[in-house]
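Each chain is listed here by its residues.
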Amino acid sequence: MRKDYRLEKRKYVIGGLIVVIVAIYLVRLFNLQVADSKYKAYADSNAFLKKAIYPSRGIIYDRSGKVVVFNQPAYDIMMIPKDVQPFDTLDFCKTLSITPEQFEKRIHEMKDRRSNPGYSSYSPQTFMTHLSAEDYGKLQEKMYRYPGFFIQKRILREYGYNSAANILGNIREVSQADIDKDPYYSPGDYTGDLGVEKSYETYLRGEKGVEVLIRDAKGQIQGRYENGAHDRNAISGRNLKLAIDIDLQQYAESLMVNKIGAVVAIEPQTGEILAMVSSPTYDPSLLVGRKRGSNYKELVSNKYKPLFDRALMAAYPPGSTFKPGQGLILLQEGIINLSTAYPCYHGYINGGLKVGCHGHGSPLPLKPALQTSCNAFFCWGFKNMMDRKSKYGSTAEAFEVWKNHLVSLGYGYPLGVDLPSESRGFIPNAKYYNKRYGESRWNGNTIISVSIGQGEILATPLQIANLCASIANRGWFITPHVVKEIEDTVIPSNLTEKRYPTINQKYFNDVAEGMRMAVTGGTCRIANLPDIEVAGKTGTAQNPHGKDHSAFIGFAPYNNPKIAVCVYVENAGFGANFGVPIGSLVMEKYLKGQISDERKYLEQRMLESNTIIYSGVKKH
Amino acid sequence: MESKSINQSYFRYVDWFTVGIYLILIIAGVFSVYAASYDFDNASIFDFNEFSGKQVRWIGCALALALMILLIDARMFETYAYPTYIFVVLLMVVTIFVAPDIQGSRSWIVLGPVSFQSAEFGKFATALALAKLFSSYDFRLNDKPSNYFRVLLIIFIPIVLILAQKETGSALAYLALFFVLYREGMSGLVLLSAFCAVLFFVLAVKFADIPFMDTNLGEALVYMIIMLIMVLMMALFCHRYAATRNILAWFVGTGLLAYISSRCGYTLPGNPFFIGVIAVACIYCLVLAMQGESRKILITVGAAVVSVIFLFSVNYAFTSVLQPHQQQRIKVTLGLEEDLLNAGYNVNQSKIAIGSGGMTGKGFLNGTQTKLKYVPEQHTDFIFCTIGEEEGFAGSAAVLMAFMILILRIIHIAERQPTTFGRVYAYCVASYLIFHLAVNIGMVIGLCPVIGIPLPFFSYGGSSLWSFTILLFILIRIDAARRRNLIY
C-alpha cells in the first residue's frame, strides 16, 4: 500500500476549508443574532402578513361594444379560528339561514387536516362562500358581535345576455392541479373554465396586488409595513372586445332551438367569428355562484351534452359541402378543366359500384355539377385522380397529394381558433388505408365515398365554415377567431395573417360561380334573397346514427362577401330542409338587420320546428 | 482462529465518538422538527400524525439500518460497490418515468404509503463506486486522461439523472466530490480557478451598476484581480522575479497614467484600456516564453486570457442563460435587490427568525416567527431557523461546531484508513457533508442563493436521514475493520 505523503497534506486544505466556512458563518450568525438588533425589532413584536388584493376581471364586450360579461361582487365569510371568541351561535346561524348542525359540521370539516391540509388556527379560513347581497347586508351590521369572523369581497361574473355560453365560458375556483401548474394561483382564487374565459385567462385575470401588513406575535394586525412601501397595487384584468355580434348570436341560437348542431358565421376578410352556436346550449348564468356546482353536474349529465361545443369540437361528415373543396383540388391538379364533363345516370356506376344521385342533365361539367350537387361528377373526378398512375405513380401518392391540399384548406388539423379544445376533425392519410386494406390493395373506387364528403372524412362546423370563407375570399383565409381586440395589447399575429391554401387563386372564382348557380337555380334556391347575391352549397350527410344530417355553407354578398356561414343540423334530413333556411336567415339578418316579410314564414317555421326528436332514432 | 476473534471483536474499533455526535445531531433534529411544526394545538412529540412523530419513526428505522450495516462484513461494501451503483442508477432512471410530478420535480418514488427520493440513495452508491475505482490496482488519477474520464463518468451519471428529475439542488451536491478528486491528486488549480470564477462572477454582478472609467466597477475590479493573479503567478508559480518586477511596474505605471488623465478631465475608456494593458503584459510573457522554459509562462498567459473571456461571458450568462427567478435569487443574495415579496421573502423571514433569537434564544417551543409559519419549509430546508430563533446564537453555534467536529473527525478517520477504498469513501462522506452544511446554512442566513437541499440529520424527511445514516455507518463499519486490513 503506497501512501503519498505529499497528497496527504491536502487534508489540511479540505479541513481548513470547513473551518473557514464555519468561522464565516459564525461571524454572520453573531452579527444577525447578537450585534444587529434590527431583526430583533422586526420580529420581537412584528411580523409580516402578505394580504392579496384581488383585481377586477376584464369585461367582455361584443363587436359593437355591448357589454356581454361583467363583474358582480360576492362575499365570502372568513374566520381566523384562534381569534374566535364565544358568540351567539344561534343568531349567527339564523342570519345566514343555516342550522346549528350545519355550522358544527362546517367547522369540523375545516379543521380536518385530511380534507383541508392548509388549515392553521392562525390563518384565515373560508367558512362560507358566495353570500347573497341580502345576507351580506344583514350580517354586516352584526359583524362586530362575531370576533374572529370577517367578510372578504370577491368577484363573480354576470352576463348581459343569456346566450353565447359556449364562446364565453365561465369561471370556477381553482383546483389543486391549477395551483401546482401555475404558482400565480392560491386556494380560493378563480380561473377561467371553457371558452374565452379560459383561453384569455392571463389577460382577463389581471394581476393580484399585495399588501404587506405587520402583525404581532399573537397574529393581530398592527398596520402596514413601512407605510406600504412594499405594497403592490392590483392591476385590473384587460377588457376584451369579441368579434361576435351578440344580436346575431342570439338570433342564430333562437333558430337552433330544439335542434342539435351548430352554426358558424365568419367575416371572410378578417377571419372574425360573427356568431358561433352550439345547440342545445345553456344559460351562462347557470354557472355562477353557489349553485354552480349542482348546475354543472346537471349539464354534464344532460344527454344532449350542452357543454360540448359542437361548433368546434364535433367532427361531422361534411357531406356535399365538401364538393366545392373537391372541385378546387381537381382543378388544381388538372384532372378536370371547366369543360370536362362526366356522365351521371342517376349516379356513379363503375366496377360494380353504384353511388346514387338525383335526376338532372348528363353529362355535365363542374359548375352545373356544383349547382345540382351531382355525386357522379365528383366520384369520377376523384377516381380519375386516384388512378392516374402516370402522374402520381400510385394511388397512395395521389391520395397524399389530395390530402395535403385538404390540409392546406384547413381540414384535418385544428385551425388554431382562440378557444380551448378545438377538434382536428379527421382526414385519413395513405398509411391509414394501407393499414386497413393492405399496401396497394386499394384504389379510387375502394374509397370513393370520401369524394362526396362521406366515409372516413370528418370536419368540424368551424372548419367547414372556414372553407366557405376561403372561397368567399377567392383563395385565402385568416385563422377564425372570436376575440377582436384586447385592451392595450395587439392580438397575436397568427390571428391576423392571411393563410394561402396550395390551390391557385384563379380556381376559386369558378367554384364560387358554381355555388352561386346552386342558389339561383340549384339545390339552395331557398337562399336566393331578393336583393343580396348569395352563393351556397347544400349538404346531406349520411350517418350511422339515424336520419341524415342537414348542412349548408354559403356566403354573401357574392362580389364583396361580408359573411360566410356553415349550418349543421343533426338528423334533420336534406340540406335544403334546415341548413339552407337557417343559413340564409342568418345571412339576411346580419346583412339587412331584419327578415323581409316574404320570408317571415320561413323564420317562423325554423323557430318552431323540432328535430331533436329524431336524435338517436334509427332509420327504418 | 485468530482472524475469527478479530472479526468478533471489531465492535471494539467502532468509532464511538462519531456515533455519539450522530446521536446528538438526530436527537436535536427531532426536537427541532417538533418545534418547527408545533402548532399550540399541541400534539405530542411522538404523535404519528405530526411531522416530529413521523421523524421519530424514521429515526427508529435509521437506527435499525445503522445496526444492520454494522453487522455486515466490511469487505462486502467493496465487493458490491459497482452492483450497488448500477442498481441505484437504474432506480434513478426508473424514477424519471414513474415518479409523479410534485411541484415540477419528478424525484419521488412512491411505494404505497412510503415515498423516497432515489437521488438521496445515489449518494452512498456513488461514493462506494468512486472508492472502488480509486482502489483498483495501480490506479492513479494523474496517470492518464482516461482515468479522469472514468471518475467523471461515475460522478456525472447521477448528476445528469437527478437534473432530469428536476432536482437541481441534489444534483449540485455531487459536485462536492471534486474535493475527493483534489485529495487524490487532481491539481489544486482546478479548485482555485473554480473559486476565481465564482469570485469574478460575484464581483462582476454585484458592482455592475456602479460606473467606473466608462465601464463599471465590477468589470474594473475583475481586470485588476486578473492583473494581480498574473503578477502572483509569475512570481510564485513561474519564479521569474525580474519579469514579475517589469510587469508589476507596467501595471502600476499605466494605472497611475489613467488616474492622472482622469484627474485632468480626460477619462480613458475602460474596456480597451484594461484589455490593452493586459494584452501587452501577455505579449511580453510570450516573448519570454520563446526563450525557453515556456510551459509555466504559457499557463500564466492562458489563465489571464481565459479570465478575460470568462468576464465577457459572465454578463451574457447571467442575463441569457439563467432563468429570471434564478437571477433574482442571486441578486437578492448579493444584496442588490430587496425583494420582500418573492425571492427575498423566504430568506428575509428566515433572517428575521434567526436574528430575533439573540444570544440565548427564546426557548424551546417559544419561537414566534416559526410558529406563525412565516418561514416556509421550516421543518425541511429551513429547519436551522427554528434552532436560531429558539436556541439563539449559543444553540446555532453549537450545531455548527458539532457539524464541524463531525467533518474534521471524518477527515481524521479518512487519513487513518489503511486502504485507498476506505480513504476515498471517507472523503466522499466528508465532501457531501461540507456541501450540505455550507449551502443549507448559507442560504438560511442569506449568504448563498436559495438552493433546496436539506440540513443533514436535522431536516424533516426519511430519505435524507436514511441516506446520511447509511453514508456514515458504512464509513464507521469500514473504519472498524481497519485493524483486520493491517494483517494483509
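Since this is a predicted model, take the numbers as computed values, not measurements. (Residues numbered from 1 in each chain as written. Chains lettered and ligands numbered in written order. Predicted model: local features only at pLDDT ≥ 70, side-chain atom pairs only at ≥ 80, totals over all residues.)

### Focus: the overall build of chain A
- In terms of helices and strands, chain A carries 23 helices and 20 strands.
- Looking at the 620 residues of chain A, the share that counts as buried comes to 40%.
- For chain A, contacts bridging at least 24 residues in sequence account for 72% of all contacts bridging at least 6. (Helix = DSSP H or I, 4+ residues; strand = E, 2+ residues; numbered from the N terminus. Buried ≥ 20, exposed ≤ 12 C-beta atoms within 10 Å, placed from the backbone. Contact = placed C-beta atoms within 7 Å.)

### Some points on the overall build of chain B
- In terms of regular secondary structure, chain B is built from 20 helices and 4 strands.
- Relative to its full complement of 488 residues, chain B shows a buried share of 43%.
- Residue pairs at least 24 apart in sequence account for 67% of intrachain contacts in chain B once pairs closer than 6 positions are excluded.

### With respect to the sheet that holds strand β11 (residues 261–267) of chain A
All names here are of chain A.
- Reading across from one edge, β12-β11-β20-β19-β18 is the order of the 5 strands in this open sheet, with antiparallel pairing throughout. Since the sheet does not close on itself, it has two edges, and those belong to β12 (272–279) and β18 (535–543), each with one partner. Mean inter-strand twist for the sheet, computed between neighbouring axes without regard to direction, equals 10°.
- Here 6 bridges tie β11 to strand β20 (residues 563–569), and the two strands are oriented antiparallel to one another. Residue Gly-261 lies in a different strand from β20, and its bridge partner there is Val-569. (Pairing = 2+ DSSP bridges. Axes fitted to C-alpha atoms, helices over the stretch in contact; angles between N-to-C directions.)

### A few points about the pairing of β12(A)
- Within β12(A), 8 of the 8 residues are buried, which leaves it mostly tucked inside the rest of the structure.
- Adjacent in sequence and paired antiparallel, β11(A) and β12(A) are bridged by 4 residues, among which A:Gly271 carries a positive phi angle near 75°.

### A few points about unusual backbone geometry
Residues and elements named next belong to chain A.
- For the peptide bond that leads from Ser-279 to Pro-280, omega is -5°, which places it in the cis range.
- Within the fold, Pro-280 resides in the loop between β12 and α12 (292–301).
- Cis rather than trans, the peptide bond between Ala-556 and Pro-557 has omega equal to -15°.
- For Pro-557, the position within the fold is in the loop between β19 (546–556) and β20.
- We note that Ser-421 has phi near 65°; this positive angle belongs to a residue other than glycine.

### Observations regarding the nonpolar core
- Core analysis: the largest hydrophobic core is formed by 129 residues, its most contacted members being A:Val263, A:Val264, A:Ala265, A:Ala465, A:Cys468, A:Val565 and A:Val586.
- Leaving out residues up to four positions away in the same chain, A:Ala265 has contacts with A:Leu248, A:Leu274, A:Ala275, A:Ile563, A:Val565, A:Val586 and A:Tyr590.
- Judged by nonpolar contacts, the second largest core, of 111 residues, contains B:Leu133, B:Leu161, B:Val399 and B:Ala414. (Core = buried A, V, L, I, M, F, W, Y, C linked by C-beta atoms within 7 Å.)

### So, the environment of B:Gly169
Residues and elements named next belong to chain B.
- Positionally, Gly-169 belongs in helix α8 (residues 168–173).
- In this structure the C-alpha to C-alpha distance between Gly-169 and Gly-452, which are 283 residues apart in sequence, comes to 5.4 Å.
- Excluding residues within four positions of it along the chain, Gly-169 makes contact with Ile-451, Gly-452 and Ile-453.

### Focus: the environment of B:Gly452
- Structurally, the position occupied by B:Gly452 is in the loop between α18 (420–444) and α19 (462–480).
- Here B:Gly452 falls in the partly exposed class, since 16 other C-beta atoms lie within 10 Å of it.

### Side note on the confidence of the model for chain B
Residues and elements named next belong to chain B.
- Across chain B, pLDDT averages 83, with 89% of residues at or above 70.
- With pLDDT under 50 throughout, residues 1–6 is counted as low confidence; its partners more than four residues away or in other chains account for 2 contacts.
- Scored by ipTM, the complex comes to 0.86, with pTM at 0.58. (pLDDT = per-residue confidence, 0-100.)

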